[in-house]
Amino acid sequence: MNYPYTVGFGKVDEENKPYWNEEAHEYLIITTDDEQNCYSQTINGKQTNYKTSRTVLGHIDLTTGEQYSGKDAVFWEMTPEEHDTELYKKLFKGGVVYHIRAAMQKKNVVLYPIEVLGIADSEPFLEQLYAAYVEERDRPVYLQTKMFGDLLLNKRYNSFDGTFEYMGHKIEFSIDNSDDATKTVSKLEAFVQDFKAHDEKMRRFAAEKLTSLANEWADEEGEAHITEEEFYSLLVPEGIDMRSTGRYIVYYTDGGAFGGHSVEVSGNSKGPTKAQITG
């Protein structure tokens, strides 16, 4: 990429103008490696241009000399070309020190980049922030459990994932780390401890709720009807999503009853409450 590069439309968009300082400063910034997001809004029935943001680990205001450490962001409205060619994803690569001209948001530490002036050869203050971020990002995080051993945090999805064996089948589970993971594990362990009884109850519930729908599908496909007992026997558990509240979803393969789709059974401490076809 050639510098200087005008970011977006080269100015704060009119919709956001009241929230930003008018005077632009020059900054050095360094960003994370996180995936950059992109979104648009519909206002009064009209779709706006796409906007994007990227997490910044810190910056140096070259106009005032101020150094700032702490996660903030760069945010701007993209041109159609930046969006369509995904050029916005290449503007700020993680670990690279960029020299930019930008406006600062009035109430938050967020920068609206107007121009990328170039890449700095070295900047120890910002590079140390990135090194600390990488160390934290790559450090393994475990959740200790009695039944499943130590579960490794999947940082991309912020979840602790694992499996257990049941009737010759490997059942996968995922624990959301943004929920109370310790409490969720306790609920999951109790659920799995008595999984045979839960499984039979959930399959029976699904068969009662979905067999007629399965037979409607069979009519459309020219297939033979099945009974509730046959439907019950076809279901095989493959995954669990448990919450700290005790609410859960158990995922089943349909055994061909719906052409290879999944069956989800939701429930709580009182038992199953909903069954549906997905996928």
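Residues numbered from 1 in each chain as written. Predicted model: local features only at pLDDT ≥ 70, side-chain atom pairs only at ≥ 80, totals over all residues. Heavy atoms only, no water.

A. Quick peek at the overall build of the protein. A tally of helices and strands in the protein yields six helices and 17 strands. For the protein, the C-alpha radius of gyration of 26 Å lies well beyond 19 Å, the compact-globule estimate for 279 residues. Considering only C-alpha atoms, the protein reaches an extent of 75 × 45 × 30 Å along its principal axes. Among the 279 residues that make up the protein, the fraction classed as buried is 42%. Long-range pairs, those at least 24 residues apart, make up 55% of the contacts in the protein between residues at least 6 apart in sequence. A total of about 15,500 Å² of accessible surface is found on the protein, and carbon and sulfur atoms cover 46% of it. Put simply, the protein has 29 plus and 48 minus side-chain charges, and the middle of one group is 5 Å from the middle of the other. (Helix = DSSP H or I, 4+ residues; strand = E, 2+ residues; numbered from the N terminus. Rg over C-alpha atoms; globule rule 2.2 N^0.38 Å. Buried < 20%, exposed > 50% of the residue type's maximum accessible area, 1.4 Å probe, protein only. Contact = heavy atoms within 4.5 Å. Areas by Shrake-Rupley, 256 points an atom, 1.4 Å probe, with all protein chains shown as cover. Lys, Arg positive; Asp, Glu negative; His and termini not counted. Charge placed at Lys NZ, Arg CZ, Asp CG, Glu CD.)

B. Spotlight on helix α3 (residues 124–138). Under the 1.5 Å per step criterion, the end-to-end length of α3 is 21 Å for 15 residues, consistent within 8% with the ideal 21 Å. Among the residues making up α3, those that are buried are Leu126, Tyr130, Tyr133 and Val134. For α3, the angular spread of the buried residues around the axis is 100 degrees, confining them to a single face. Among the exposed residues of α3, those pointing more than 90 degrees away from its buried face are Gln128 and Glu135. (Expected span 1.5 Å × (residues − 1). Arc of directions from axis to C-beta.)

C. Here's a closer look at the pairing of strand β2 (residues 25–31). Here β2 lies mainly inside the structure; six of its seven residues are buried. Two strands pair when backbone bridges link them, and β2 and strand β6 (residues 51–61) are joined in this way by five bridges, in the antiparallel orientation. Within β6, the position partnered with Leu28 by the bridge is Ile60. (Pairing = 2+ DSSP bridges.)

D. Here's a closer look at the layout of surface pockets. Of the volumes computed, that of the largest pocket is approximately 280 Å³. Lining the largest pocket are Asp34, Glu35, Lys71, Tyr133, Glu136, Arg137, Lys155 and Arg156. Take the lining of the largest pocket: its biggest share by element is three residues, from α3. Classifying every residue of the lining of the largest pocket by side-chain character gives one nonpolar, no polar and seven charged. Of all the elements in the fold, those that place two or more residues in the lining of the second largest pocket are α4 (181–193), α5 (195–221) and β17 (271–278). Broken down by element, the residue count for the lining of the second largest pocket peaks at four residues, all from α4. Tallied by class, residues from the lining of the second largest pocket come to six nonpolar, seven polar and three charged. (1 Å grid on protein atoms, 1.4 Å probe; cavity = no way out; pocket = protein on both sides within 12 Å on 5 of 7 lines; lining within 4 Å. Points joined across faces, edges and corners; volume = space filled by probe spheres on them. Nonpolar A, V, L, I, M, F, W, Y, C, P; charged D, E, K, R; others polar.)

E. Local environment of the sheet that holds strand β15 (residues 248–253). A sheet is described by the order of its strands in space; here eight strands give the open sequence β10-β11-β12-β13-β14-β15-β16-β17, paired in mixed fashion. Single-partner strands in this sheet number two, and they are β10 (142–145) and β17. Going from strand to strand, the sheet's axes swing by 25 degrees on average, the running direction of each strand aside. One ladder, built from four bridges, connects β10 with strand β11 (residues 149–154); its direction is antiparallel. Its bridge partner lying in β11, Thr145 is registered against Gly149. Running at roughly 150 degrees to strand β14 (residues 236–242), α4 makes contact with β10, β12 (159–166), β13 (169–176), β14 and β15 of the sheet. Of the strands in this sheet, β12, β14, β15, β16 (262–268) and β17 are in contact with α5, which crosses β17 at around 50 degrees. (Axes fitted to C-alpha atoms, helices over the stretch in contact; angles between N-to-C directions.)

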